[in-house]
Amino acid sequence: LKDFFHYVELDNDVDLELYSVFEKEMQSIYPLLPKTNEVADLRLRKLGNYQALGLYHSMSHTIALDFRSGKDRGKDKNNPYAPNEPGIASFIHEYGHFLDFTVDVENGNLSMQEAFQPILQRYQQNLNRLDKDSFVKARADYYSTPTEVFARAFEVYTAHLGLQSSFLRSSKSYELLEQYQLFDESIRP
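Residues numbered from 1 in each chain as written. Predicted model: local features only at pLDDT ≥ 70, side-chain atom pairs only at ≥ 80, totals over all residues. Heavy atoms only, no water.

**Brief notes about helix α1 (residues 16-29)**
Reasoning step 1: The end-to-end C-alpha separation of α1 is 19 Å, in line with the 20 Å expected for 14 residues at 1.5 Å each.
Reasoning step 2: Contact partners of the buried residues in α1: β1 (8-10), β2 (41-45), β4 (62-66) and α2 (91-102). (Helix = DSSP H or I, 4+ residues; strand = E, 2+ residues; numbered from the N terminus. Expected span 1.5 Å × (residues − 1). Contact = heavy atoms within 4.5 Å.)

As structure tokens, this is what we get:
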């Protein structure tokens, strides 16, 4: 992994079998990903306090993934959050954040640039049309932020290109989950 990342950290809760799968898959997937002049740090650790499968820290260019195995999730009595899939499935999303913040540093985030605005605005319009009972609508402040829309757009884009990887959610997720359905046929091209 040091061939692809500036720094790699593993904590004691890392599932070593999943790590082996991740390491092998990274060797075939990373060369296909868009690159920037920056190199990310990678941290594989328990992220229960954040209640997230993955995180991207823009100041340090760090991608962090929750890397517990299914059998280890939910054992922490102090924090009941237990992700229902391994953090490896959020890698492409977090890499999308990395690209957003590092591709065009001089002109700011890609998600804030004029070329992305039609996608962002259409996504936000679609989100506003959701029923008030919708989980995504209830968290609209989060789901409608430009950086989150960009990272999800990158996921949809890579899935649409046919990338089959455990670094992505299942292909059904991109069809069935509301936050991805908001990328309608007018946005996807």
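**Let's talk about the packing of aromatic side chains**
Reasoning step 1: One pass over the full model with this rule turns up 19 aromatic pairs.
Reasoning step 2: With a centroid separation of 5.3 Å and 80° between ring planes, the pair formed by F22 and F67 is classed as edge-to-face. One end of the pair, F22, is in helix α1; the other, F67, is in the loop between β4 and α2, and 45 residues separate them in sequence. Comparing F22 with F67 shows no difference in burial state: the two are buried.
Reasoning step 3: The ring centre of Y142 lies 4.9 Å from the NZ or CZ of R139, which sits over that ring. (Phe/Tyr/Trp six-rings, centres within 6.5 Å; stacked < 30°, edge-to-face > 60°. Buried < 20%, exposed > 50% of the residue type's maximum accessible area, 1.4 Å probe, protein only. Lys NZ or Arg CZ within 6 Å of the ring centre and 35° of its normal.)

**Notes on the sheet that holds β2**
Reasoning step 1: Strand order in the open sheet formed by four strands is β1-β2-β4-β3, with mixed pairing between adjacent strands. Both outer strands of the open sheet, β1 and β3 (54-57), are each paired with one neighbouring strand and no more. Pairs of neighbouring strands in the sheet enclose a mean axial angle of 15°, with direction left out of account.
Reasoning step 2: Strand direction decides the pairing type here: β1 and β2, joined by three bridges, are parallel. Bridging from a neighbouring strand, L10 pairs with L44 of β2.
Reasoning step 3: On top of the sheet, α2 reaches β3 and β4; it is set at about 10° to β3, its chief contact. (Pairing = 2+ DSSP bridges. Axes fitted to C-alpha atoms, helices over the stretch in contact; angles between N-to-C directions.)

**Looking at the pairing of β2**
Reasoning step 1: Once the chain exits β1 it traverses α1 before rejoining the sheet at β2, and the crossover so formed is left-handed.
Reasoning step 2: Sheet topology note: the β2/β4 ladder contains five bridges and is parallel. Bridged to L44 within β4 is L65. (Right-handed = clockwise from strand over helix to strand, strands pointing away.)

**Considering the confidence of the model for the protein**
Reasoning step 1: Looking at the protein, pLDDT values average 88 and 89% of them are 70 or higher.
Reasoning step 2: In this model residues 79-83 is a low-confidence stretch, pLDDT under 50, and it forms 14 contacts with partners more than four residues away in sequence or in other chains. (pLDDT = per-residue confidence, 0-100.)

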